Amino acid sequence: MSDASPEGGQVEDDGGITLWHVPLSRSMRVMWLLNELELPFAVKLLDITSKQMREAEYAAIHPVGRAPALKVDGTIIHESGAMIEYLCETRGQHLWRAPGEEGRLGWLDWLHFAETIGQHIAALTQSHLMLRDPATRSLTVMKLETARLGRTLRLVEQTVEGQDWLMAGGFSGVDCAVGWSVWTAGRFVRLSEPLVAYVARCAERPAFRASLPGADQPVLYDRDFYELPDG
Ligand SMILES: N[C@@H](CCC(=O)N[C@@H](CS)C(=O)NCC(=O)O)C(=O)O
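Residues numbered from 1 in each chain as written. Predicted model: local features only at pLDDT ≥ 70, side-chain atom pairs only at ≥ 80, totals over all residues.

Student: Explain the overall build of the protein residue by residue, including any values.
Tutor: Secondary structure summary: the protein contains eight helices and five strands in total. Burial analysis of the protein (231 residues in total) assigns 38% to the buried set. Across the protein, the fraction of contacts at a sequence separation of at least 24, relative to all contacts at a separation of at least 6, is 72%. (Helix = DSSP H or I, 4+ residues; strand = E, 2+ residues; numbered from the N terminus. Buried ≥ 20, exposed ≤ 12 C-beta atoms within 10 Å, placed from the backbone. Contact = placed C-beta atoms within 7 Å.)

Here's what the structure looks like:
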């Protein structure tokens, strides 16, 4: 489905879809949805552990140096939630809730709630992975962010206790957004039983599996679980 290329960089507008992607990061949300929709797309792999995302070539795509970036319909966009909404709106209406349609407000709420979870994941990723010298980490902040991440998951938990997917009507685009967040949160907090079951349902989907990194790809996370340091 995807045409993976090892480096980020400017692409000509050939009318196709291109995803700039850090394997396992938020860009996986978008890759998962593209795979659910069986859309052809090109992938530009980025290595978050190198300086690549700060260099001029990628700055031409994403001046802030983050992932994902998506070129679609001749425009490059920079927010995974916007990518999910636009792809559903233009190419996957069965996974969307259009304005005026039943469930619209709930769908929109979940799409953005994915980032409420995501901000705590980002803080913990920074502490556990990016700050390599333990002396630069704050245990207080790490504990606080872990507790706050766990708390955000309660909203998902109380929903997926009673139904398989976030929307009562079945799997939709917001499961790609929130599902990635819950799956990744599980690297930092112990997930409750309903959340483990929800993540397992997500991970069983062929499109999810097709979005996992290949063996040789640089990945954001190299452990299944990051314990809080003692103290
Ligand atoms: N809200 C943005 C967040 C993008 C973002 O911060 N992505 C992370 C990877 S998950 C990143 O690029 N981090 C690199 C950095 O912060 O320098 C989205 O969902 O697209």
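Student: Describe in detail the packing of helix H5 (residues 139–160) against helix H6 (residues 173–185), supporting the description with residues and values.
Tutor: The N-to-C vectors of H5 and H6 enclose an angle of 140°; their axes lie 11 Å apart at closest approach. It follows that H5 is oblique to H6 by the angle criterion. Crossing geometry of H5 relative to H6 is assigned as left-handed. Touching Leu 149, Leu 153 and Val 156 of H5 are Val 178, Val 182 and Ala 185, all from H6. (Axes fitted to C-alpha atoms, helices over the stretch in contact; angles between N-to-C directions. Parallel < 35°, antiparallel > 145°, perpendicular 65-115°, else oblique. Left-handed = near helix turned anticlockwise from the far one by under 90°.)

Student: Tell me about the site of the ligand, residues and numbers included.
Tutor: Neighbouring the ligand are Val 22, Ser 25, Arg 26, Ile 48, Gly 65, Arg 66, Ala 67, Pro 68, Glu 79, Ser 80 and Glu 115. Tallied by class, the residues present in the shell around the ligand amount to four nonpolar, three polar and four charged. (Near = placed C-beta within 6 Å. Nonpolar A, V, L, I, M, F, W, Y, C, P; charged D, E, K, R; others polar.)

Student: So what's going on with the nonpolar core? Residues and values would help.
Tutor: For soluble globular proteins, nonpolar side chains are generally found buried alongside one another. Grouped together as the largest cluster of nonpolar side chains are 58 residues, with contacts concentrated most on Leu 19, Ile 84, Ala 177, Val 178 and Val 182. Per-domain counts for this core show at least three residues from each of domain 1 (2–95) and domain 2 (104–209). Residue contacts for Ala 177: discarding those within four places in its chain leaves Arg 29, Ser 80, Gly 81, Ile 84, Trp 110, Leu 111 and Ala 114. (Core = buried A, V, L, I, M, F, W, Y, C linked by C-beta atoms within 7 Å. Domains from an automatic or database assignment.)

Student: Kindly report on the pairing of strand E2 (residues 18–21), identifying the contributing residues and their values.
Tutor: Here E2 shows two buried faces, one formed by Thr 18 and Trp 20 and the other by Leu 19 and His 21. Two elements, E2 and strand E3 (residues 41–45), share four bridges in a ladder whose sense is parallel. Bridge pairing links Leu 19 to Val 43 in E3. Crossover handedness for the path E2 to helix H1 (residues 27–36) to E3: right-handed. As paired elements, E2 and strand E4 (residues 69–72) share three bridges and run antiparallel to each other. By the bridge assignment, Trp 20 is partnered in E4 with Ala 69. (Pairing = 2+ DSSP bridges. Right-handed = clockwise from strand over helix to strand, strands pointing away.)

Student: Explain H1 residue by residue, including any values.
Tutor: One turn of the α-helix equals 3.6 residues, which is why residues spaced by three or four share an orientation. Across the 10 residues that make up H1, a large majority, 10, are buried. By the burial criterion, the buried members of H1 are Ser 27, Met 28, Arg 29, Val 30, Met 31, Trp 32, Leu 33, Leu 34, Asn 35 and Glu 36. Contact partners of the buried residues in H1: E2, E3, E4, helix H3 (80–91), H6 and helix H8 (206–209). Looking one or two residues past H1, Glu 38 carries a phi angle of roughly 55°, positive in sign.

Student: Please set out the environment of Pro 68 residue by residue, giving values where relevant.
Tutor: Tracing the backbone shows Pro 68 in the loop between helix H2 (56–59) and E4. You can call Pro 68 buried: it has 23 C-beta atoms within 10 Å. Distance in space between the C-alpha atoms of Pro 68 and Pro 213 is 15 Å, their sequence separation being 145 residues. When near neighbours in sequence (up to four residues on either side) are disregarded, Pro 68 contacts Leu 19, Trp 20, His 21, Arg 26, Ser 27, Val 30, Ser 80 and Met 83.

Student: Please provide a residue-by-residue account of the pairing of E4, values included.
Tutor: Of the two faces of E4, the one lined by Ala 69 and Lys 71 and the one lined by Leu 70 and Val 72 are each fully buried. Pairing geometry for E4 and strand E5 (residues 75–77), over three bridges, is antiparallel. Of the residues in E5, the one forming a bridge with Lys 71 is Ile 76. Where E4 hands over to E5, the hairpin turn is made up of two residues, of which Asp 73 adopts a positive phi near 50°.

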